[in-house]
Amino acid sequence: MIELLDKGHNRDDFDCGEESLNDYLKHQAGQDVKRKLSACYVLADGETKSVIGYYTLSNCSIPSGDLSEKIRKRLPASYKSIPTTLLGRLAIDKKHQGKNYGKILLIDALKRSWENSGLIASFAVVVDPIDEQAANFYRKYDFIKLPDSKKMFVVMKTLDELFRP
C-alpha cells in the first residue's frame, strides 16, 4: 500500500544507488512533510515497514514562456506563470529495482496529482530528471521535454484520458 511517510516507516536501510535521494528520505523528508513543503508517499513492506520506494509531490509553477507555442496558444495570455504539480523525487531501493515498483509509484503519483487538480488547480505534472536514465523512464509515460530545460511534463488533459471513469 502506498501511504504518507510517517515515523513508523523504516528508512534506515533504504539505498536506491543515488546518495542525494537516500539522504533526502533518511534525513529531510519527515521535516518537509511537517513543514508542508512536500508530501512524501512511500511504498513499504507490510511487515517490516521498510521503505521499498517513495515519491514526493508539491505545488510548483512554470513560466508560460517555457511552454511550446502550441500549448501557450491554448492558455490565457494574462498567465505569466502556470500552476503545476512537481513530482520532485521518485526512488526505488536497489533490492527492489526491476520489479515495476517505479511504474507503480509513478502511476500513483500521477493519479493523485490528477485527482487533486480538481481541488487545487494544476495544469500539468512536472519532473526534473536527475539523469538521462530517469528522463528515458519518464519519456515512456508521455512526459514531454520543456524547451531549453531538462524539465519534463505531462498535462492534466492527458491524465484525464487515463484516469477519468
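A short tour of the structure in this document, coming up. Only a predicted model underlies this, so the values are computations on that prediction, with no experimental measurement involved.

With that out of the way, let us pick up the side chain of histidine 9. Here histidine 9 is to be found in the loop between β1 (2-4) and α1 (19-34). Overall, the relative accessible area of 5% leaves histidine 9 in the buried class. Apart from the residues within four sequence positions on either side, histidine 9 is in contact with Glu3, Leu4, Val42, Ala44, Lys49 and Val51.

Moving on, we get to a negative patch on the surface. Taken together, Glu18, Glu19, Asp23 and Asp131 make up a surface patch of like negative charges. By the secondary structure assignment, glutamate 19 is in helix α1. Judged by its relative accessible area of 56%, glutamate 19 is exposed.

Another aspect to go through is the environment of serine 64. Locating serine 64 in the fold gives a position in the loop between β3 (51-63) and α2 (69-72). With relative accessibility at 12%, the residue serine 64 sits in the buried group. In sequence terms serine 64 and aspartate 148 are 84 residues apart; their C-alpha atoms lie 13 Å from each other. Residues in contact with serine 64, not counting those within four places in the same chain, are Arg72, Tyr79, Lys80, Ser81 and Ile82.

Scanning all chains against the criterion turns up seven salt bridges. The partner of aspartate 108 in a salt bridge is arginine 112, with the nearest N and O atoms 2.9 Å apart. With aspartate 108 and arginine 112 both in helix α3 (residues 101-116), this residue pair falls four residues apart, about one helical turn. Ionic pairing is found between arginine 164 and aspartate 160, a salt bridge with its closest N-O pair at 3.1 Å. With a relative accessible area of 53%, arginine 164 lands in the exposed category. Here aspartate 160 falls in the partly exposed class, since its relative accessible area comes to 24%.

This part takes up helix α4 (residues 132-139). An α-helical turn contains 3.6 residues, so a residue and the one three or four places further along point in the same direction. Every buried residue of α4 is listed here: Ala134, Ala135, Phe137 and Tyr138. End-on view of α4: buried residues confined to an arc of 155°, all on one side of the axis.

Turning our attention to the pairing of β3. As judged from the six bridges shared by strand β2 (residues 39-44) and β3, these two strands associate in the antiparallel manner. Residue pairing across strands places valine 42 opposite tyrosine 54, the latter belonging to β3. Of the strand pairs in this sheet, β3 and strand β4 (residues 81-92) are connected by 11 bridges, and their pairing is antiparallel. Counted as the bridge partner of leucine 57 is leucine 87 from β4.

It is worth spelling out the sheet that holds β4 at this point. Spatial strand order, β1-β2-β3-β4-β5-β7-β6: seven strands in an open sheet with mixed pairing. Edge strands, defined here as strands with exactly one partner in the open sheet, are β1 and β6 (144-145). Here β1 runs beside β2; their pairing, made up of three bridges, is antiparallel. Within the sheet, the bridge partner assigned to leucine 4 lies in β2 and is tyrosine 41. On the sheet, α1 packs against β2, β3 and β4 and is oriented at approximately 65° with respect to β3. Across the sheet, helix α5 (residues 156-163) is in contact with β4, β5 (124-127) and β7 (152-155); its angle to β7 comes to roughly 55°.

Reading guide: rules and limits
- Residues numbered from 1 in each chain as written.
- Predicted model: local features only at pLDDT ≥ 70, side-chain atom pairs only at ≥ 80, totals over all residues.
- Heavy atoms only, no water.
- Helix = DSSP H or I, 4+ residues; strand = E, 2+ residues; numbered from the N terminus.
- Buried < 20%, exposed > 50% of the residue type's maximum accessible area, 1.4 Å probe, protein only.
- Contact = heavy atoms within 4.5 Å.
- Patch = residues over 30% accessible without salt bridge, like charges linked within 9 Å, V, L, I, M, F, W, Y side chains within 5 Å.
- Areas by Shrake-Rupley, 256 points an atom, 1.4 Å probe, with all protein chains shown as cover.
- Salt bridge = Lys/Arg side-chain N within 4 Å of Asp/Glu carboxyl O.
- Lys, Arg positive; Asp, Glu negative; His and termini not counted.
- Charge placed at Lys NZ, Arg CZ, Asp CG, Glu CD.
- Arc of directions from axis to C-beta.
- Pairing = 2+ DSSP bridges.
- Axes fitted to C-alpha atoms, helices over the stretch in contact; angles between N-to-C directions.

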